[in-house]
Every structure is written in C-alpha cells, then in structure tokens.
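# Notes for the structure review
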Amino acid sequence: QVQLVESGGGLVQAGGSLRLSCAASGGTFSSYAMGWFRQAPGKEREFVASINWSGGITYYAISVKGRFTISRDNAKNTVYLQMNSLKPEDTAVYYCACRRTLTTSSKPNDIDYWGQGTQVAVSE
C-alpha cells in the first residue's frame, strides 16, 4: 500500500507561482511512475503532468506545457510540481498520483494510488 500526501497548495494571484510536493510512503517509490491530475468544480479529473520512474521522461497537458515542471527526488520519495505563470483557469484541487509501473499514463483509470488533494486557487 502506497500513501501519498500533498502539500504546497494555496491562494495566489494570476501570474504567480506555487510549488506542490507529494511525499510517498510504502512501496518502492523509485520503481513507480508518478503524476499530477487536477479537478475543478463541476469538471472531470484531468491529467496535468507525469514523470517516469527515473525522472528522465516527462509529459504535460497542452494547457500547462511551458508553465509547469514536474520533477522527482527518489532519495526523498517525493515528487514536485512547480507551477509558474498561474492563470485563474488553473484553479482546482490537485491530486498526486502513483502508478506501480515504470512508465506513465495520462488516464485516471490507470492510476493505482491517489493523494487526498491540495487546493490551488488563482485570483484575477
């Protein structure tokens, strides 16, 4: 069983930055692909970014590419999401996701473990 705990969410003005962290426990973190998804009120959960087991391969949703950066520190069992140039449409609950494989996926149904979520709110 893998437990995921997110932190770093909050309220920020448009154009600002936030850094989300997700600490994992249980399992073998360095063997798992990790990712971030988000869900805005009244909308489905959507893919944001993912990273493979080594950190050498990353993928991003078109809406965040060039503004967000996903990274991981396998020594600390932690994955990060650096969010720059934030926009009001980035407002959502952000969820850390773990897939017990070496490769990533953008499909929520492929995720094995979810964090509890952290709220990100971007004001005009």
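Right, let's walk through the structure included here. Note that the coordinates shown come from a computational prediction; the quantities given were computed from them, not determined experimentally.

### Considering the sheet that holds strand β1 (residues 3-7)
Strand order across the open sheet formed by four strands is β1-β3-β8-β7, with antiparallel pairing between neighbours. Of all strands in the sheet, those bounded by a partner on one side alone are β1 and β7 (68-73). Mean inter-strand twist for the sheet, computed between neighbouring axes without regard to direction, equals 15°. Looking at chain direction, β1 and strand β3 (residues 18-25) are connected through five bridges and run antiparallel. Across the sheet, the residue bridging to Val5 is Ala23, located in β3.

### Describing the state of the cysteines
In total, this model carries one disulfide according to the counting rule given. The residue that forms a disulfide with Cys22 is Cys96, at a sulfur-sulfur distance of 2.1 Å. Taking the torsion about the sulfur-sulfur bond, which here is approximately -80°, the covalent link between Cys22 and Cys96 counts as left-handed. Of this pair, Cys22 sits in strand β3 while Cys96 sits in strand β9 (residues 92-99); the two residues are 74 residues apart in sequence, bridging distant segments of the chain. Considering cysteine sulfurs only, Cys96 is the nearest to Cys98, which forms no disulfide, with 7.6 Å between them. The buried category is assigned to Cys98, whose relative accessible area is 1%.

### Focus: the pattern of salt bridges
Close approach of charged atoms allows side chains of opposite charge to pair. The full count for this structure, using the stated rule, is four salt bridges. Among the salt bridges present, the one from Arg38 reaches Glu46, with a minimum N-O distance of 2.6 Å. The shortest N-O distance in the salt bridge between Arg38 and Asp90 comes to 2.9 Å. You can see Arg38 sitting in strand β4 (residues 33-39) and its partner Asp90 sitting in the loop between β8 (78-83) and β9, a full 52 residues away along the chain. By relative accessible area, which is 6% here, Arg38 ends up buried. Through salt bridges that share partners, Arg38, Glu46, Arg67 and Asp90 make up one connected network.

### Considerations on the side chain of Ser21
Along the chain, the position of Ser21 falls in strand β3. According to the relative accessible area criterion, Ser21 is buried, its value standing at 17%. If near-sequence neighbours (up to four positions away) are discounted, Ser21 is found in contact with Val5, Glu6, Ser7, Trp36, Thr78, Val79 and Tyr80.

### Some words on the environment of Pro88
Topologically, Pro88 is positioned in the loop between β8 and β9. With residues near it in sequence (within four places) discarded, Pro88 still touches Ala14, Val122, Ser123 and Glu124.

### As for the environment of Gly15
Note that Gly15 resides in the loop between β2 (10-13) and β3. What makes Gly15 exposed here is its relative accessible area of 53%. Beyond its immediate stretch of four places on either side in the chain, Gly15 contacts Ser85 and Leu86.

Reading the values: rules and limits
- Note that residues are indexed from 1 along each chain, following the sequence as it is written.
- Per-residue local features are limited, in this predicted model, to residues with pLDDT of at least 70; the limit for side-chain atom pairs, both in listing and counting, is 80 or more; totals at the level of whole chains, interfaces and linings are taken over all residues.
- Side-chain calculation: all heavy atoms of the structure are included, whereas hydrogens and water are not.
- In this scheme, strands are said to pair when DSSP sees at least two bridges between them.
- Note on conventions: DSSP H or I runs of at least 4 residues are helices, E runs of at least 2 residues are strands, and numbering of each starts at the N terminus.
- The angle between two axes is taken between their N-to-C directions and runs from 0 to 180 degrees, where each axis is a line fitted to C-alpha atoms and a helix contributes only its stretch in contact.
- Pairs of cysteine sulfur atoms within 2.5 Å are what we label disulfides.
- Relative accessibility under 20% of the residue-type maximum defines a buried residue, over 50% an exposed one, and the middle range a partly exposed one, all with a 1.4 Å probe and only protein chains included.
- A carboxyl oxygen of Asp or Glu within 4 Å of a side-chain nitrogen of Lys or Arg is what we treat as a salt bridge.
- Whether two residues are in contact is decided by their heavy atoms, any of which lying within 4.5 Å being enough.

Spatial relationships are all this shows, so hold off on functional conclusions.
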